[in-house]
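Report on the structure
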Amino acid sequence: MDKPTKPQGSIKPYHHPAAGWGALKYVAINLLKEKVPGGNYKTLFKQNQPDGFDCPGCAWPDRQHASTFEFCENGVKAVAAEATGKRVTPAFFAGHTVEALMKQSDYELEQHGRLTDPMVYNARADKYEPIAWDAAFALIARHLNGLGDPGRAAFYTSGRASNEAAFLYQLFVRMYGTNNFPDCSNMCHEATSRGLPTTVGIGKGTVTLDDFEHADTILIFGQNPATNHPRMLGELRECAKRGAAIVSINPLRERGLERFASPQHPVEMLTMSSTKIATTFIQPKLGGDFALIKGVAKRVLELDDQAVAEGAERVLDAAFIAEHTAGFDAFAADLRAESWPLLEEESGVAREDIEDLARIYVNGKRVISTWGMGITQHKHSVQTVHMLSNLMMMRGNIGREGAGLCPVRGHSNVQGNRTVGIEEKPTQAFLDRLGRAFDFEPPREHGYDVVETIEAMLEGHVKVFIGLGGNFAMATPDTPRTWDALRACDLTVHITTKLNRSHLVRGKDALILPTLGRTEIDMQGGLAQGVTVEDSMSMVHISYGMNAPASQNLMSETAIVAQIAHATLGSGKVDWLGYASDYARVRDAIERSIDGFADYNARVAQPGGFHLRVASRERDWKTSTGKANFIAHRIGQDSPIHRAKRLHGERVMTLMTTRSHDQYNTTIYALDDRYRGVFGQRRVVFINAADLRMLGFQHGDWVDMTTVWDDGIERRADSFLLVEYDIPRGCIGSYYPETNPLVPLASVGDVSNTPTSKSIPVLLHKSARPGGVAAPQA
Ligand SMILES: Nc1nc2c(c(=O)[nH]1)N[C@H]1C(S)=C(S)[C@@H](COP(=O)(O)OP(=O)(O)OC[C@H]3O[C@@H](n4cnc5c(=O)[nH]c(N)nc54)[C@H](O)[C@@H]3O)O[C@H]1N2
Ligand SMILES: Nc1nc2c(c(=O)[nH]1)N[C@H]1C(S)=C(S)[C@@H](COP(=O)(O)OP(=O)(O)OC[C@H]3O[C@@H](n4cnc5c(=O)[nH]c(N)nc54)[C@H](O)[C@@H]3O)O[C@H]1N2
Ligand SMILES: [Mo]
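Per an unreviewed UniProt entry, the protein goes by FdhF/YdeP family oxidoreductase and derives from Trinickia terrae. The UniProt entry for the protein carries the following comment under Sequence similarities (unreviewed entry): "Belongs to the prokaryotic molybdopterin-containing oxidoreductase family."

So this is what it looks like as structure tokens:
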């Protein structure tokens, strides 16, 4: 794990607008640090351009107006990290045992650069050694074919893989015989993907970028776009300039939502001016959104009752409710029965502020609600997604111009991966069609998600783990147990661009298979291949790499998957290598197997690609009732936080684990979190001043954290610096992945089975291993 932080950091509030000159300065710093070769600079200007590549950063869509210069600091970091001049060669591995590499921090591992050659673990030397590609594929085939039961292998996907690679991967795995598809989505927007189908029929957002041009009100729930989706700020800036109401619902007043200076607008940059983004900040306690949204819905109903009594215009969209929805009466009865004190208590928001938010909501004629991990990583996340749908349906804010649901996804193609079949719980209809298209009988039983995969590895059932990207050892909860699980495997395989801890926490046999990134030219059969991706707003487009590959000995993800399939299953039924030689053929296969892809190759060749139909956007409800469903839920008081407070009282803090400005998930680019004023360190805990006093600590003290859980296992993370912060009482925040040892494997969301990374009950203790610094300057 990471070494304790060296005492070089500082904490100081950030007073500048988000992005602006600060961001450009950091862009330059990153290019220098990564030693990006001169020729590769040009790629930065091709990011998200019609003839360039899709930014591997986030899943926010691109404006396809060729004149816009779409480019953001964190997109540059993602590209620079891939285009780095640094290399991890066989000579590097010859000089380092795995034991020695384990002592390096995640940041150091990342800094070594791009992997150049396939490597296999040699236990005698405790080192990775080069292996020929064919020998690597043969080793995988031998393990997979020796398992007997295909359910004893698990196939992870991180959301960067292209549609082509992901489609072949799921086809191969299903032909092999299992639906064991743990994926990053299980830890991310799963609550969205499971929640929305019940209410509106499909687990995707209903808006496109054009809707932002028409919206007059935008509610942003649990999201930090200045860091994680910086291009979204460009959209919000336009909305703000038009006078739209923008509300951030977040325990933190994220600096990036206060003011923004757009690098795309020279006047704003040169005059050092900026645009105010959010007009209102509501700060619920962690996990309080369910009660907050329910409170807003209750108030909307009260306002409608008043309007009816006064003979004024209705507040509810009664026509929409009558024509398009089911379940309204039961939902309304439940709202009327709900108690205000309980709503206030559970949301952490005063009744006046809930009423204020309701007023903003009903004043809006065209409302978009966006959300991120602040909504999806809790015990009651699926219920919260339902409640948000309910609220939007009350005023017909779904399926019309300028209004709708907008979950903002993480990885750049995580939504596309699901669309093309990375799904451990596939529908029977999907399997029927895939089976018909490829003349085989797919496995019908649901497979393992992330948490179930770890449990099955711990039980000794799953013995082979293959990862198409990602960093499973660090992204998952309960780190020591996850590591035991991976180490109990007979084989671990990682298809990957850069060294990370998952390569070191290995099975008995272990392979590292280095792959091309999206920014690199992918030549197959003498032709440069494009790959396709789907963004958060269901736009599918093609992406062409521009840079020379980081090494001559890399293979594309699509080719690696095809080769594994060929070695394991043979090519009697499917011409795997033929697919890998021409990705247009994979797209034809997708067209045959999945709805919405008619004319795939032709449509994706158009500038900007095409929009994949989302039925709910057209008010076509693919639900069991054929209508959009209102779902009533009581306020759950059964969460681990409630239980822990009953045991230990108010000393229990609810911990959220979140991203700093200088990381991409488990990849740590640098040690600053500029907008939150943290510099040179990551082991910090944000805490309210009153809680500091209540617990007898001071700003600058070092603490260790332990989880309150009931299975007798001690879960701890040591040596964190307390930082006084504007955060609600009882709530604290720290960074992921350092805090994953605190998340119990069994602490998951209802239905979603997502680790509750934003609500972990913890106790703070004076640190036995302080970082050794005097309190940093405030
Ligand atoms: N640069 C960069 N870009 C990224 C990523 C990255 O790591 N770095 N990661 C990508 C991925 S995979 C994803 S999923 C997205 C993640 O993007 P976000 O969804 O923004 O994820 P987090 O950084 O975890 O931040 C969650 C936000 O929710 C707030 N929050 C926490 N708990 C609650 C709560 O209970 N209620 C409310 N209302 N708010 C809460 C936090 O204060 C924080 O502002 O970004 C993607 N883009
Ligand atoms: N406590 C806590 N845990 C969390 C979260 C949290 O907020 N709190 N967030 C969760 C979320 S939202 C997510 S999405 C997951 C992320 O989980 P993952 O997707 O597993 O993790 P990443 O850190 O995004 O993976 C980074 C690695 O992917 C590899 N990589 C990068 N680019 C490519 C590529 O183009 N191809 C291939 N094959 N490999 C590539 C590199 O080796 C890099 O080290 O973590 C989850 N875990
Ligand atoms: Mo994510």
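Having seen the structure, we can now continue with the description.
**Details of the layout of surface pockets**
Its boundaries defined by the atoms lining it, the largest pocket holds a volume of some 1,200 Å³. Forming the boundary of the largest pocket are 30 residues, of which Gly 201, Ile 202, Gly 203, Lys 204 and Thr 427 lie nearest the centre. Counting residues per element, the ones that place at least two in the lining of the largest pocket are helix 9 (190-199), helix 21 (414-419) and helix 22 (428-438). Here the lining of the largest pocket takes 4 residues from helix 21, the largest share from any one element. In this structure, the lining of the largest pocket is formed jointly by two domains, domain 1 (118-185 + 415-606) and domain 2 (190-407), each of which donates at least three residues.

**Some details on the environment of Gly 203**
Residue position: Gly 203 is located in the loop between helix 9 and helix 10 (209-214). A sequence separation of 488 residues divides Gly 203 from Asp 691, and the C-alpha atoms of the two residues are 39 Å apart. Each residue touching Gly 203, except ones within four places of it in the same chain, is listed here: Thr 192, Ser 193, Leu 196, Pro 197 and Arg 409.

**Observations concerning the sheet that holds strand 31 (residues 716-724)**
If you walk around this closed barrel you meet the 6 strands as 25-32-29-31-30-33, and the pairing is mixed. Averaged over all pairs of adjacent strands, the angle between their axes in this sheet comes to 45°, without regard to strand direction. Bridge count between strand 30 (residues 702-707) and strand 33 (residues 760-766): 5 bridges; the pairing is antiparallel. Counted as the bridge partner of Met 705 is Leu 764 from strand 33. Those strands touched by helix 30 (residues 640-648) are strand 25 (653-658) and strand 33, and its axis lies near 40° from that of strand 33.

**Some words on the site of ligand 2**
Taken together, the neighbourhood of ligand 2 is formed by 30 residues, with Tyr 156, Ala 475, Thr 496, Glu 557 and Thr 666 sitting nearest. The side chain of Glu 557 places a nitrogen or oxygen atom 2.5 Å from a nitrogen atom of ligand 2. If ligand 2 stood free it would expose 930 Å²; the protein chains cover 96% of that surface. Of the residues assigned to the shell around ligand 2, the class counts are 9 nonpolar, 16 polar and 5 charged.

**Some remarks on the pattern of salt bridges**
It is possible for side chains of opposite charge to pair when their charged atoms get near one another. Here the structure, examined in full by the defined rule, presents 46 salt bridges. Residue Arg 418 pairs with Glu 190 through a salt bridge whose shortest N-O separation is 2.9 Å. Of this pair, Arg 418 sits in helix 21 while Glu 190 sits in helix 9, placing them 228 residues apart in sequence. Exposure class is identical for Arg 418 and Glu 190. Each is buried. Ionic pairing is found between Glu 258 and Arg 255, a salt bridge with its closest N-O pair at 3.2 Å. Across the pair, Arg 255 and Glu 258 agree in class, each one buried.

**Describing helix 8 (residues 163-176)**
Taking 1.5 Å of rise per residue, 14 residues should cover 20 Å, and helix 8 covers 20 Å from first to last C-alpha, within 8% of that figure. When you tally the buried positions in helix 8, you get 14 out of 14 residues, the bulk of the element. Immediately beyond the C-terminal end of helix 8, within one or two residues, lies Gly 177, with a positive phi of roughly 130°.

**Quick notes on empty space enclosed by the protein**
Taken as a whole and assessed by the stated rule, the structure comprises 2 cavities of 30 Å³ or more. Its volume calculated, the second largest cavity comes out at about 40 Å³. Forming the boundary of the second largest cavity are 12 residues, of which Asp 54, Cys 58, Trp 60, Asp 62 and Arg 231 lie nearest the centre. Its residues assigned to classes, the lining of the second largest cavity shows 5 nonpolar, 3 polar and 4 charged.

**Section: the UniProt feature "domain: Molybdopterin dinucleotide-binding" (unreviewed entry) in the protein**
Per the UniProt annotation, the sites labelled "domain: Molybdopterin dinucleotide-binding" (unreviewed entry) are residues 654-760. Strand forms 34% of residues 654-760 and helix 7%; the C-alpha atoms that close the span are 5 Å apart.

**A word on the nonpolar core**
Core analysis: the biggest nonpolar cluster contains 59 residues, and Leu 144, Phe 155, Phe 167, Phe 438 and Leu 513 have the highest contact counts within it. Counting residues per element, this core draws most heavily on helix 8, which supplies 9 residues. For Leu 513, the contacting residues outside a window of four places in its chain are Pro 118, Trp 133, Ala 136, Phe 137, Ile 140, Val 493, His 494, Ile 495, Thr 496 and Ile 560. In terms of nonpolar packing, the next biggest core, distinct from the first, is built from 52 residues, Ile 249, Phe 290, Val 296 and Ala 297 among them.

**A closer look at the sheet that holds strand 23 (residues 610-611)**
Strand order in the open sheet formed by 3 strands is 21-22-23, and the pairing between neighbours is antiparallel. Because the sheet does not close on itself, it has two edges, and the strands there are strand 21 (531-534) and strand 23. Judged from the 2 bridges that link them, strand 22 (residues 539-543) and strand 23 form a sheet pairing that is antiparallel. The residue of strand 23 that forms the bridge with Met 539 is His 611.

**Some remarks on the domain arrangement of the protein**
When its domains are assigned, the protein resolves into domain 1 (118-185 + 415-606), domain 2 (190-407) and domain 3 (640-766). Computed over C-alpha atoms, the centres of domain 2 and domain 3 are 26 Å apart. The three residues of domain 2 that bury the most area against domain 3 are Leu 286, Gln 377 and Lys 379, which together make up 30% of that side's buried surface. At the surface where domain 2 touches domain 3, the tally comes to 2 salt bridges.

**Considering unusual backbone geometry**
Here the residue pair Tyr 736 and Pro 737 is connected by a cis peptide bond, since its omega of 10° sits within 30 degrees of zero. Inspection of the secondary structure assignment puts Pro 737 in the loop between strand 32 (731-735) and strand 33. Unusually for a residue other than glycine, Arg 619 sits at a positive phi of about 60°. As for its placement among the helices and strands, Arg 619 is situated in the loop between strand 23 and strand 24 (628-629).

**Observations regarding the site of ligand 1**
The full set close to ligand 1 counts 30 residues, and Asn 250, Glu 254, Asp 289, Gln 663 and Asn 665 are the nearest of them. Met 373 places a main-chain nitrogen or oxygen 2.8 Å from an oxygen atom of ligand 1. One of the backbone nitrogen or oxygen atoms of Gln 663 is found 2.7 Å away from a nitrogen atom of ligand 1. For ligand 1, whose accessible area on its own is 920 Å², the fraction buried by protein is 99%. Listed by contribution, the elements that provide at least two residues to the shell around ligand 1 are helix 11 (225-228), helix 19 (373-376), strand 25 and strand 26 (663-664). A class-by-class count of the residues in the shell around ligand 1 yields 9 nonpolar, 17 polar and 4 charged. Structurally, the shell around ligand 1 is a two-domain feature, drawing no fewer than three residues from each of domain 2 (190-407) and domain 3 (640-766).

**With respect to the packing of helix 22 against helix 28 (residues 583-593)**
Direction vectors running N to C along helix 22 and helix 28 enclose 130°, while the axes themselves pass 9 Å from each other. Our classification of the angle between helix 22 and helix 28 gives oblique. Residue-level contacts link Arg 433, Leu 434, Ala 437 and Phe 438 of helix 22 to Ala 589, Glu 591, Arg 592 and Ser 593 of helix 28. Here the residues of the contact of helix 22 with helix 28 are counted per class, giving 4 nonpolar, 1 polar and 3 charged.

Procedures and definitions
Residues numbered from 1 in each chain as written. Chains lettered and ligands numbered in written order. Predicted model: local features only at pLDDT ≥ 70, side-chain atom pairs only at ≥ 80, totals over all residues. Heavy atoms only, no water. UniProt positions renumbered as here; feature names shortened; annotations may be inferred. 1 Å grid on protein atoms, 1.4 Å probe; cavity = no way out; pocket = protein on both sides within 12 Å on 5 of 7 lines; lining within 4 Å. Points joined across faces, edges and corners; volume = space filled by probe spheres on them. Helix = DSSP H or I, 4+ residues; strand = E, 2+ residues; numbered from the N terminus. Domains from an automatic or database assignment. Contact = heavy atoms within 4.5 Å. Pairing = 2+ DSSP bridges. Axes fitted to C-alpha atoms, helices over the stretch in contact; angles between N-to-C directions. Near = heavy atom within 4 Å. Polar contact = N/O pair within 3.5 Å; in protein donor to acceptor, adjacent residues only side chain to side chain. Areas by Shrake-Rupley, 256 points an atom, 1.4 Å probe, with all protein chains shown as cover. Nonpolar A, V, L, I, M, F, W, Y, C, P; charged D, E, K, R; others polar. Salt bridge = Lys/Arg side-chain N within 4 Å of Asp/Glu carboxyl O. Buried < 20%, exposed > 50% of the residue type's maximum accessible area, 1.4 Å probe, protein only. Expected span 1.5 Å × (residues − 1). Core = buried A, V, L, I, M, F, W, Y, C linked by side-chain atoms within 4.5 Å. Buried area = accessible area lost by both parts, 1.4 Å probe. Parallel < 35°, antiparallel > 145°, perpendicular 65-115°, else oblique.

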